[in-house]
Amino acid sequence: MERKLRIAVTSRTLTKFNENVTMRNAPYVPRDLITILGKLDVIPFVLPDVEGACGRDYVDMADALFLPGGQDVDPVFFGEEPTWKIGAADYKMDRFEIELVRAFYRAGKPIAGICRGIQVLNVALGGTLYQDLQADNPDAYIRHSQAADGSYPTHHVTVEPGSRLHAALGDTAFVNSRHHQSIRKLAPGLKVTAVAPDGVIEGVESAEGDQVVAVQWHPENMWQEHPEMRQLFVNFVKRVQKYVESEKNRL
Ligand code: MN
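Every chain is numbered on its own, with residues counted from 1 as its sequence reads. Only residues with pLDDT of at least 70 get local features here, since the model is predicted, and only at 80 or more are side-chain atom pairs given and counted; chain-wide, interface and lining totals rely on the full set of residues. Derived side-chain values reflect all non-hydrogen atoms in the structure, with water molecules and hydrogen atoms excluded from consideration.

1. Notes on the pairing of strand β6 (residues 111–114)
- Relative accessibility decides the category of a residue: with a 1.4 Å probe and only protein chains considered, values under 20% of the type maximum give buried, values over 50% give exposed, and everything between is partly exposed. Only DSSP runs of H or I covering at least 4 residues are called helices, and only runs of E covering at least 2 are called strands; the numbering of each starts at the N terminus. Of the two faces of β6, the one lined by Ile 111 and Gly 113 and the one lined by Ala 112 and Ile 114 are each fully buried.
- In the sheet, strand β5 (residues 64–67) pairs with β6 via three bridges, with the strands oriented parallel. Counterpart to Leu 67 in the pairing with β6 is Gly 113.
- Look down the strands so they point away from you; if the path from the first strand over the helix to the second goes clockwise, the crossover is right-handed. What joins β5 to β6 is helix α2 (residues 91–107), and the crossover it makes is right-handed.
- Relative to strand β13 (residues 212–215), β6 runs parallel, the two being bridged by four bridges. Pairing of Ile 114 across the sheet is with Val 215, part of β13. Strand pairing is assigned whenever DSSP identifies at least 2 bridges connecting the two strands.

2. Section: helix α1 (residues 31–39)
- Among all positions of α1, only Leu 33, Ile 34, Ile 36 and Leu 37 are buried. Seen from one end, α1 has its buried residues packed into an arc of 165 degrees, which puts them on one side. Away from the buried face of α1 by more than 90 degrees, exposed residues Arg 31 and Lys 39 are located.
- Only heavy atoms enter the contact rule, under which two residues are in contact if any of them lie within 4.5 Å. Those residues of α1 that are buried are in contact with β1 (6–10), β4 (43–47), β5, β6 and α6 (227–250).
- At the C-terminal side of α1, Asp 41 shows a positive phi close to 70 degrees. The arc in question is formed by the directions pointing from the helix axis toward the C-beta atoms.

3. Here's the deal with the sheet that holds β4
- Strand order in the open sheet made by the nine strands is β4-β1-β5-β6-β13-β12-β11-β8-β9, with mixed pairing throughout. Two strands in the sheet have a free side with no partner beyond their single neighbour: β4 and β9 (172–175). Strand after strand, the sheet turns through a mean of 25 degrees between neighbouring axes, direction not considered.
- Sitting on the sheet, α2 touches β1, β4, β5, β6 and β13, and the angle it makes with β5 is about 145 degrees. Orientation is described by axes fitted as lines to C-alpha atoms, over the contacting stretch for helices, and by angles from 0 to 180 degrees between their N-to-C directions.

4. Re the packing of α1 against α6
- Following both chains from N to C, one finds α1 and α6 inclined at 60 degrees, their axes separated by 10 Å at the closest point. With respect to α6, the element α1 is oriented oblique. As α1 runs across α6, the sense of the crossing is right-handed. Together, Leu 33, Ile 36, Leu 37 and Lys 39 of α1 and Arg 230, Phe 233 and Phe 236 of α6 make up the contact between the two elements.
- Amino acids are sorted into nonpolar (Ala, Val, Leu, Ile, Met, Phe, Trp, Tyr, Cys and Pro), charged (Asp, Glu, Lys and Arg) and polar (every other residue, Gly among them). Here the contact of α1 with α6 is built from residues that sort into five nonpolar, no polar and two charged. An angle below 35 degrees is read as roughly parallel, one above 145 as roughly antiparallel, one from 65 to 115 as roughly perpendicular, and any other as oblique. Whether a crossing is left-handed or right-handed is set by the direction in which the near helix is turned from the far one by less than a right angle, anticlockwise for left-handed and clockwise for right-handed.

5. Some words on the side chain of Glu 220
- Following the sequence through the fold, Glu 220 ends up in the loop between β13 and α6.
- Whenever a nitrogen or oxygen atom comes within 3.5 Å of another N or O atom, the pair is scored as a polar contact, on the condition that within protein one atom can donate a hydrogen and the other can accept it, and that pairs from neighbouring residues in sequence are kept only if both atoms are in side chains. A distance of 2.8 Å separates the side chain of Glu 220 from the side chain of His 218, its partner in a polar contact.
- Non-local contacts of Glu 220, meaning those with residues more than four positions away in its chain, are made with Asp 32, Leu 33, Ile 114 and Phe 233.

6. Observations regarding the coordination of the manganese ion
- Surrounding the manganese ion are the protein donor atoms His 144 (ND1), His 155 (NE2), Ser 177 (OG), His 179 (NE2) and Glu 202 (OE), which sit 2.2 to 2.3 Å from the metal.
- Mapped onto the polypeptide sequence, the residues donating to the manganese ion form the spacing pattern H-x10-H-x21-S-x1-H-x22-E. Taken together, the positions of His 179 in the loop between β9 and β10 (182–183) and Glu 202 in strand β12 (residues 201–206) put the pair 23 residues apart, joining distant regions of the chain. Judged on exposure class, the residue His 179 and its partner Glu 202 are both buried. Coordination shells were defined by N, O and S atoms within 2.8 Å of each metal, extended to 3.2 Å for Na, K and Ca; water is absent from the atom set, which can make sites look incomplete.

7. Regarding the nonpolar core
- Note on terminology: a nonpolar core comprises buried Ala, Val, Leu, Ile, Met, Phe, Trp, Tyr and Cys residues joined through side-chain atoms within 4.5 Å. Ile 7, Leu 33, Phe 66, Leu 169, Trp 217 and Phe 236 are the most contacted members of the largest nonpolar core, which has 37 residues in total.
- Ranked by residue count, the leading element in this core is α6, at nine residues.
- Not counting chain neighbours up to four residues away, the residues in contact with Leu 33 comprise Val 9, Phe 66, Pro 68, Ile 114, Glu 220 and Phe 233.
- Core analysis: the second largest hydrophobic core is formed by 30 residues, Ala 8, Ala 103, Val 120 and Ala 214 among them.

8. Side note on the packing of aromatic side chains
- Two rings belonging to Phe, Tyr or Trp (six-membered ring only in the last case) form a pair when the distance between their centres is within 6.5 Å. Interplanar angles under 30 degrees mark stacking, angles over 60 mark edge-to-face geometry, and anything in between is tilted. Tallied over the full model, the rule gives three aromatic pairs.
- Taken together, a centroid distance of 5.4 Å and an interplanar angle of 90 degrees make the contact between Tyr 58 and Phe 96 edge-to-face. Residue Tyr 58 is located in the loop between β4 and β5, and its partner Phe 96 is located in helix α2; the two are separated by 38 residues in the primary sequence. With respect to burial, Tyr 58 and Phe 96 carry one shared label: buried.
- Ring centres of Phe 66 and Phe 233 lie 6.2 Å apart, and the angle between their planes is 10 degrees; on these two criteria the pair is classed as stacked. Of the two residues, Phe 66 sits in strand β5 while Phe 233 sits in helix α6, which places them 167 residues apart along the sequence. You'll find Phe 66 and Phe 233 in the same group, each marked buried.

Dropping the structure here:
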């Protein structure tokens, strides 16, 4: 019998905690993401950052890597000092995740990213971020950190015809937006495939092939009511399946 696909999902660490000190820096992953991956009959498993562990230690465990949303990336990883509007970063988690991205990337395994995921992916592959859109990008007039319910779409994006994102979303999509950072300088090897009306980068993919697809919004909070967002996950699982098949044929 065929085994189920195994998707490694990097954890976040709890930065807000109550008096229960045992929960300090507890690793976690948003439930909506685990739920949709489970519904698509794959096995998601969570990777907490471990001091001293590196990407190579994990790359054989999974068929693909999924980078969920989370806090800001420490700007030290793209060569900048922190400016006033930077949020609470966790350089240990960043270091771990950047290593993982590079290991999975080198191995040719599929990588997907959401929100912080698109940002850490871009940094891991050599790009930079706006530490704060409002402070650092005067063209970004859209409120990208929405006050509305986190699952509600609030702004539009234009999607590049022929891209992986286009296959799920069509020419435009209406997306939620819970970020104050975004990609500034795009990493080599990536291309932009979705942009907001103010020019903010909202989706990237591999420039060649289909190893990497990442979005700046949160489809894991939208798939319940928006079939095109569910389709993003369906297509991701298809890419992983395709990758596993191609590896099997190679051996
Ligand atoms: Mn946005």
